[in-house]
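Here is how the chains run, residue by residue.
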Amino acid sequence: GVFAAMNNAFVPVTNAVPFAVGDVEAGLVAALLIGGWIVTLRRSREGRLRTVLRLLAHTIGLAAAITIAFNVLWGWNYRRAPVVARVDFSAARVTPAAVSAFAGRIAAILNDDVGPAHERMRSESPQAMRAELARDFIPVVQRLGDTWTPVVTVPKATIAMRLYEAAGVGGKYDPFAFETLIDTAFLPFEVPRALAHEWSH
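Please read these numbers as outputs of a predicted model, since none were measured by experiment. (Residues numbered from 1 in each chain as written. Predicted model: local features only at pLDDT ≥ 70, side-chain atom pairs only at ≥ 80, totals over all residues. Heavy atoms only, no water.)

What follows covers the overall build of the protein chain. If you tally the helices and strands in the protein chain, you get eight helices and three strands. For the protein chain, the succession of helices and strands along the chain, N to C, is α-α-α-α-α-α-β-α-β-β-α. What you see for the protein chain is a C-alpha radius of gyration of 22 Å, clearly larger than the 17 Å of a compact globule of 201 residues, by over 25%. C-alpha atoms of the protein chain, sized along the principal axes, occupy 75 × 40 × 35 Å. The buried share of the protein chain, reckoned over its 201 residues, is 23%. Contacts spanning at least 24 positions in sequence make up 67% of the contacts within the protein chain whose residues lie at least 6 apart. By element, 66% of the accessible surface of the protein chain is carried by carbon and sulfur atoms, the whole surface being about 13300 Å². Looking at the protein chain, you have 20 positive and 17 negative side-chain charges, and the mean spots of the two groups are 11 Å apart. (Helix = DSSP H or I, 4+ residues; strand = E, 2+ residues; numbered from the N terminus. Rg over C-alpha atoms; globule rule 2.2 N^0.38 Å. Buried < 20%, exposed > 50% of the residue type's maximum accessible area, 1.4 Å probe, protein only. Contact = heavy atoms within 4.5 Å. Areas by Shrake-Rupley, 256 points an atom, 1.4 Å probe, with all protein chains shown as cover. Lys, Arg positive; Asp, Glu negative; His and termini not counted. Charge placed at Lys NZ, Arg CZ, Asp CG, Glu CD.)

This part is about the packing of helix 6 (residues 126–143) against helix 8 (residues 191–200). It is at 11 Å that the axes of helix 6 and helix 8 come closest, and there the two elements cross at 45°. In terms of their interaxial angle, helix 6 and helix 8 are classed as oblique. Pair helix 6 / helix 8 crosses with right-handed handedness. Here M129, R130, L133, A134 and F137 of helix 6 lie close against helix 8, whose contacting residues are V191, P192, L195, A196, W199 and S200. Residue classes in the contact of helix 6 with helix 8 are distributed as nine nonpolar, one polar and one charged. (Axes fitted to C-alpha atoms, helices over the stretch in contact; angles between N-to-C directions. Parallel < 35°, antiparallel > 145°, perpendicular 65-115°, else oblique. Left-handed = near helix turned anticlockwise from the far one by under 90°. Nonpolar A, V, L, I, M, F, W, Y, C, P; charged D, E, K, R; others polar.)

Counting through the fold element by element, A81 comes out in the loop between helix 3 (48–76) and helix 4 (83–86). Residue A81 is classed as partly exposed on the basis of its relative accessible area of 39%. A81 sits 16 residues away from A65 along the chain, and the two C-alpha atoms are 28 Å apart.

Right, let's get into the pairing of strand 3 (residues 179–182). Burial along strand 3 is two-sided: E179 and L181 facing one way and T180 and I182 facing the other are all buried. Pairing geometry for strand 1 (residues 155–156) and strand 3, over two bridges, is parallel. Bridge pairing in strand 3 places K156 opposite L181. Counting the residues between successive antiparallel strands, the hairpin from strand 2 (residues 171–174) to strand 3 contains four residues, one of them, F178, with a positive phi of roughly 55°. (Pairing = 2+ DSSP bridges.)

This paragraph deals with the pattern of salt bridges. Side-chain pairs of opposite charge can arise whenever the charged atoms involved come near each other. This model, assessed by the stated rule, comprises nine salt bridges. Measuring nitrogen to oxygen at the nearest pair gives 2.7 Å for the salt bridge that ties R120 to E124. A residue is classified by how much of its surface remains accessible, and E124, at 28% relative accessible area, is partly exposed. Look at the salt bridges and you will find they share partners, linking E46, R50 and R54 into a network. (Salt bridge = Lys/Arg side-chain N within 4 Å of Asp/Glu carboxyl O.)

Relative to the helices and strands, T14 is located in helix 1 (residues 2–15). A distance of 3.1 Å separates the side chain of T14 from the backbone oxygen of V11, its partner in a polar contact. Not counting chain neighbours up to four residues away, the residues in contact with T14 comprise V21, K156, A177, F178 and E179. (Polar contact = N/O pair within 3.5 Å; in protein donor to acceptor, adjacent residues only side chain to side chain.)

This paragraph deals with the packing of aromatic side chains. Scanning all chains against the criterion turns up seven aromatic pairs. Put simply, the rings of F3, F10, Y173 and F178 touch in pairs and so form one group of aromatic residues. (Phe/Tyr/Trp six-rings, centres within 6.5 Å; stacked < 30°, edge-to-face > 60°.)

Attention now moves to the pairing of strand 2. Pairing of strand 2 with strand 3 involves four bridges; the strand directions are antiparallel. Bridge pairing in strand 3 places G171 opposite I182.

To continue, consider helix 8. All of the buried residues along helix 8 are V191, A194, L195, E198 and W199. Buried residues along helix 8 cover an arc of 135° about the axis, so they all sit on one side. Turning to helix 8, the residues buried within the fold contact helix 6, strand 1, strand 2 and strand 3. (Arc of directions from axis to C-beta.)

In this section: the sheet that holds strand 3. Ordered by their spatial adjacency, three strands build an open sheet running 1-3-2, and the pairing between neighbours is mixed. The open sheet is flanked by strand 1 and strand 2, the only strands paired with a single partner. Of the strands in this sheet, strand 1, strand 2 and strand 3 are in contact with helix 1, which crosses strand 2 at around 110°.

Okay, unusual backbone geometry next. Of note in the backbone geometry, F178 takes a positive phi value of approximately 55° without being a glycine. Its relative accessible area of 5% is what places F178 among the buried residues.

Written out as structure tokens, the structure reads:
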């Protein structure tokens with residue numbers, strides 16, 4: 001219930017902000033770190049090398065603490081029964097023929113929907129698309145056995161998007177800011193899938 005409480009408390013706040021809160025958090029940490037180095041080096045009474053080594057040790061410790069906090073916050077969301085424990089799942093039914101038939105069914109649905117989808121892309125706003133996606137997403141979450149209703153995030157861009165693209169990351173749910181970051185290079189029809197994926201985190 002910890003993650004659920006944090007989702008319900010913080011997502012409405014970050015949704016109300018038009019920029020990536022995680023960018024501001026990262027900027028503040030970087031500014032404090034650089035400022036701390038400068039102040040400590042100027043005020044140090046010990047040797048420069050000793051001071052630098054001490055600052056390096058503290059910086060590594062800070063990086064370790066941030067990494068641990070990220071994994072704790074991220075991990076809270078995974079303190080739940082896996083999907084295979086919630087649905088009528090049997091590994092014996094996952095055969096090559098069944099997978100092929102399922103893929104064919106999905107391809108047929110997508111082909112049938114391509115015309116209407118293009119029409120709606122021309123007329124529907126991103127806000128309307130997200131609202132409809134949320135209306136479809138929330139019932140699925142509830143059918144899978146969750147006893148709480150998540151507050152869904154508004155997708156945002158980040159100043160680190162070039163780094164994400166270089167790493168092959170199309171999106172991310174930021175557990176420090178409780179917001180979703182989506183690649184601004186995505187085509188309009190890619191956004192719903194990416195957003196639903198990040199919402200699932």
